[in-house]
Amino acid sequence: MKKILLILLFTLTLFANTDSCKLDVYFGNGVWNDLDAVKVSRDELKIFMQQHNPQRFSIEDEGVTYDFKYAHNETTGTIDDLIETFWQLHESGQVGDFYFAFVTRILNAVNVLSYEEVNYRDKMVVVAATYDVNTQKMLQKYNSESFSKKHNVLLVAHSQGNLFGNKIYELLNNDERDKFRMVSIAMPANHIEGGEDYVTLDLDLVIKAIPGSLASNASGFGHTFVESYLNENNAGAIAMINAGIFKAVDTLDQNMCATYKYFRWIAYICNSRIDQELVVDIYGTKKDYSEELVVTDTKERIALNTNGRCPLTGDDFTTSIPKYDTGNCMAYRIDDTSGNIHSLDYIAGQTYENSYTCTQYKLSSEIYDTLKDFEE
């Protein structure tokens with residue numbers, strides 16, 4: 001019995017840290033933002049999204065179905081931030097060697113009051129190294145706080161934050177890319193990775209000065225995230241930002257969460273367990289995550305492999321029962337003998353007989369509510 005309790009404790013811990021339908025919204029800042037400024041912008045973004053989409057981002061659901069975070073693009077100084085930006089544009093191929101060298105030499109000259117070649121080269125070594133470190137810090141944060149927990153990720157990026165967003169997308173694997181979307185504000189790049197929606201004001205003179213940047217597409221003046229782009233007076237820009245966020249969130253919610261159509265009532269007896277388990281097996285997932293394979297009558301999900309005991313296999317509704325007869329376990333259907341896959345409401349409305357113990361079992365309301373959360 002102690003072993004079973006330890007297994008259940010392990011399972012509870014596993015699921016407390018994973019939720020394939022949770023959304024993490026990151027704010028990615030532009031140049032010249034310290035951490036305090038980034039947190040202010042993140043909080044303003046949260047207020048904006050809660051006000052414009054209260055159904056998806058209700059205040060009560062914060063921390064449950066979504067969280068707001070930040071991907072801090074650390075500032076290294078007024079001039080150095082600009083040089084880093086042009087380094088990113090050059091690395092992506094948006095600006096050529098001659099233009100890059102011309103602009104960055106001028107910026108460096110303003111910074112050190114010298115045109116000496118050695119100073120310029122030293123500066124570029126530092127800028128490139130700082131950029132790599134900053135990128136890796138962001139990637140590590142996405143992995144540790146979101147992707148490792150199978151959360152969906154929406155990056156709302158402003159200005160230079162979009163360049164980091166593009167780079168991060170390049171470094172993600174295919175599964176992570178499926179769970180990542182970016183909405184771009186004041187877009188300095190000529191393309192968007194992991195998204196397609198952007199808003200740039202027609203009088204954003206900072207972005208207009210960057211060669212090759214995507215054309216402006218909204219009326220308004222200024223470059224700052226809160227004062228310019230979240231300014232309610234710029235009604236067209238506000239509508240576009242909200243529409244882009246809504247589309248990205250809808251895509252993540254509808255296509256990337258693990259949801260299910262079909263249910264089967266299965267029981268199995270294992271020599272390695274004291275008590276027989278009764279489980280509901282769920283199939284038809286859009287994207288399979290093994291820890292969401294079954295729900296038991298004890299209101300806990302059993303992991304795909306519980307310390308070597310009763311490893312359940314199969315990832316779709318065609319899986320046959322013999323695949324469950326592993327690890328000294330014997331599985332059998334108790335819903336019917338037709339081999340049909342049933343809806344949740346069908347299973348909830350039936351009373352099933354367990355022939356091994358001559359008892360009857362009916363789906364509890366607690367498990368019904370749990371399974372309903374998984375259903376399409």
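Structure report, in brief. (Residues numbered from 1 in each chain as written. Predicted model: local features only at pLDDT ≥ 70, side-chain atom pairs only at ≥ 80, totals over all residues. Heavy atoms only, no water.)

Here we come to the side chain of Gln160. With respect to the element layout, Gln160 can be found in helix H6 (residues 160-171). What makes Gln160 buried here is its relative accessible area of 1%. A distance of 2.6 Å separates a polar atom in the side chain of Gln160 from a polar atom in the side chain of Asn73. With residues up to four places along the chain from it excluded, the contact list for Gln160 reads Asn29, Gly30, Val31, Asn73, Asp81, Glu84, Thr85, Gln88 and Pro188. (Helix = DSSP H or I, 4+ residues; strand = E, 2+ residues; numbered from the N terminus. Buried < 20%, exposed > 50% of the residue type's maximum accessible area, 1.4 Å probe, protein only. Polar contact = N/O pair within 3.5 Å; in protein donor to acceptor, adjacent residues only side chain to side chain. Contact = heavy atoms within 4.5 Å.)

The strands making up a sheet associate through hydrogen bonds between their backbones, and the pairing can be parallel or antiparallel. The five strands are arranged E2-E1-E3-E4-E5 in an open sheet whose pairing can be described as parallel. Each of the sheet's edge strands pairs with one partner strand only, and the pair in question is strand E2 (66-71) and strand E5 (198-199). Looking at chain direction, strand E4 (residues 180-185) and E5 are connected through two bridges and run parallel. Residue pairing across strands places Ser184 opposite Tyr198, the latter belonging to E5. Contacting strand E1 (23-28), E2 and strand E3 (152-158), helix H2 (residues 35-52) runs over the sheet at an angle of about 150° to E2. Against the sheet, H6 contacts E1, E3 and E4, and its axis sits at roughly 160° relative to E4. (Pairing = 2+ DSSP bridges. Axes fitted to C-alpha atoms, helices over the stretch in contact; angles between N-to-C directions.)

Our focus in this paragraph is H6. Taking 1.5 Å of rise per residue, twelve residues should cover 16 Å, and H6 covers 17 Å from first to last C-alpha, within 8% of that figure. Counting buried positions over the twelve residues of H6 gives nine, a clear majority of the element. The complete set of buried residues in H6 reads Gln160, Gly161, Asn162, Leu163, Phe164, Gly165, Asn166, Ile168 and Tyr169. (Expected span 1.5 Å × (residues − 1).)

All right, on to the packing of aromatic side chains then. In this structure the tally under the stated criterion is ten aromatic pairs. Aromatic pair Phe86 and Tyr99: ring centres 6.3 Å apart, planes at 45°, arrangement tilted. Of the two residues, Phe86 is situated in helix H3 (residues 78-91) and Tyr99 in helix H4 (residues 97-112); the sequence distance between them amounts to 13 residues. Overall, Tyr99 belongs to the partly exposed group, its relative accessible area being 32%. Here the aromatic rings of Tyr142 and Phe180 are separated by 6.3 Å at their centres, their planes lie at 85°, and the arrangement is edge-to-face. Of this pair, Tyr142 sits in helix H5 (residues 117-145) while Phe180 sits in strand E4; the two residues are 38 residues apart in sequence, bridging distant segments of the chain. Across the pair, Phe180 and Tyr142 agree in class, each one buried. Counting every residue linked through ring pairs, the aromatic cluster contains Tyr26, Tyr142, Tyr169 and Phe180. Above the ring of Tyr70, the side-chain terminus of Lys141 is found at 3.7 Å from the ring centroid. (Phe/Tyr/Trp six-rings, centres within 6.5 Å; stacked < 30°, edge-to-face > 60°. Lys NZ or Arg CZ within 6 Å of the ring centre and 35° of its normal.)

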